[in-house]
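# Close look at the chain arrangement
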Amino acid sequence: GWGWGVQDGHSGGIGFRQAQLQYLGSAGQVTALMQSAAGHTVTSLDALGSVVWMDGSLQAARHIYDGFALVSTDGVANVPVLHENRFIGHTDEGGHLLVPDLNAYQNNALAIDSMKLAPDMRVDTTALTVVPQAQSGVLAHFPIARYAAASIVLRDGEGKPLPPGTRVRHEESGTDTVVGYDGLTFISELRAENHLRLQGADWHCAVSFGYRAPADHSLPVIGPLICQRQSGGSP
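Summary of the structure given here.

## Observations regarding the packing of aromatic side chains
- Per the counting criterion, the structure on display carries 1 aromatic pair.
- Measuring from centroid to centroid gives 4.9 Å for tryptophan 2 and tyrosine 23, while their planes differ by 50°, and the two rings are tilted. With tryptophan 2 in strand E1 (residues 2–11) and tyrosine 23 in strand E2 (residues 14–25), the pair connects residues that are 21 residues apart, well separated along the chain.
- A residue is classified by how much of its surface remains accessible, and tyrosine 23, at 36% relative accessible area, is partly exposed.

Have a look at this one:
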C-alpha cells in the first residue's frame, strides 16, 4: 500500500520542509523524498528489495533478511501456495512463487493446494519441509504433470455390466486394475489407441478404443464398450 508524510518547522532560526511518499508492494519498497531548508531543495528516490535468479526464473521481492525459497510447480500457473498452513500467493505464468520470509536453519513448512488443480493433473507430493541457510535460498519443487486417463464402461455381449472384480490389463502401459460396480474401470497412461484384456473366473475377452485428451482437461467417460466373453482362460 501507499504511505505519506509531510513536515514543516524551524530549527535554529532556519525553516525547513519535508514531504515523503512511499509505496510497499510484493516486489519491494519505493520511497520518494523532498527536503527544503535555507533555500536549498534536495530530492531523492530510494528502492529497497531483492532480486533472485533460480530455476531459470528471475523473481523480484521485498528485502530478504533471512532465508527464502522458490516454489516450482513445473510450469503450472495459478497454483495456491501455503506457508505454515497460511495462504501466501499463487504461482506465476512460469509456475514459480518466491517465499522471502523463511527462518534460516529451521524447518519451514510449504505446501500447495491440490484441490485447485485441473482433474487431469497428477501431483506426487503436496507438502515439503525446507531448511535454507542464512541469506540463502532453496528450491521447493512440487512435481506436477498432466496424465491421460479416463473411466471406461464395459459391457458383455448382452449389454450387461461386466462383474466387479474382473481383472483388466492395459496392454500399452502394462498396468493392471479391476472392474468396479456397473462395469466401470479407471485406466491411466492412455495412448491414442488402447487395448484392454479382461480375465474372469472361466472366461476372457478383449476390447480396444481410441483416446483424445479433452480440451477442458477433464477425465472423460468412454463407452459403454462391448467386450464379448469367450470361455476358458486368457489366450
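Now that the structure has been shown, the text picks up again.
## Describing the sheet that holds strand E18 (residues 175–178)
- With respect to topology, 5 strands assemble into an open sheet ordered E18-E17-E20-E21-E23, the strand pairing being antiparallel. Looking at strand neighbours, the two that pair on one side only are E18 and strand E23 (230–231), the edges of this open sheet.
- In terms of strand pairing, strand E21 (residues 203–210) meets E23 through 2 bridges, oriented antiparallel. Within E23, the residue paired with tryptophan 203 across the bridge is serine 231.

## Section: the nonpolar core
- Membership of the largest hydrophobic core comes to 18 residues, with the highest contact counts inside it found for Ile152, Leu154, Leu196 and Leu198.
- Those elements that provide at least two residues to this core are strand E16 (149–155), strand E20 (193–199), E21 and strand E22 (221–226).
- The element contributing the most residues to this core is E21, with 4 residues.
- Leaving out residues up to four positions away in the same chain, leucine 154 has contacts with Lys160, Pro161, Leu162, Val179, Gly183, Thr185, Leu198, Val207 and Leu225.
- Val79, Leu110, Ile112 and Val130 belong to the second largest nonpolar core, which has 16 residues in total.

Conventions adopted
Residues numbered from 1 in each chain as written. Predicted model: local features only at pLDDT ≥ 70, side-chain atom pairs only at ≥ 80, totals over all residues. Heavy atoms only, no water. Phe/Tyr/Trp six-rings, centres within 6.5 Å; stacked < 30°, edge-to-face > 60°. Helix = DSSP H or I, 4+ residues; strand = E, 2+ residues; numbered from the N terminus. Buried < 20%, exposed > 50% of the residue type's maximum accessible area, 1.4 Å probe, protein only. Pairing = 2+ DSSP bridges. Core = buried A, V, L, I, M, F, W, Y, C linked by side-chain atoms within 4.5 Å. Contact = heavy atoms within 4.5 Å.

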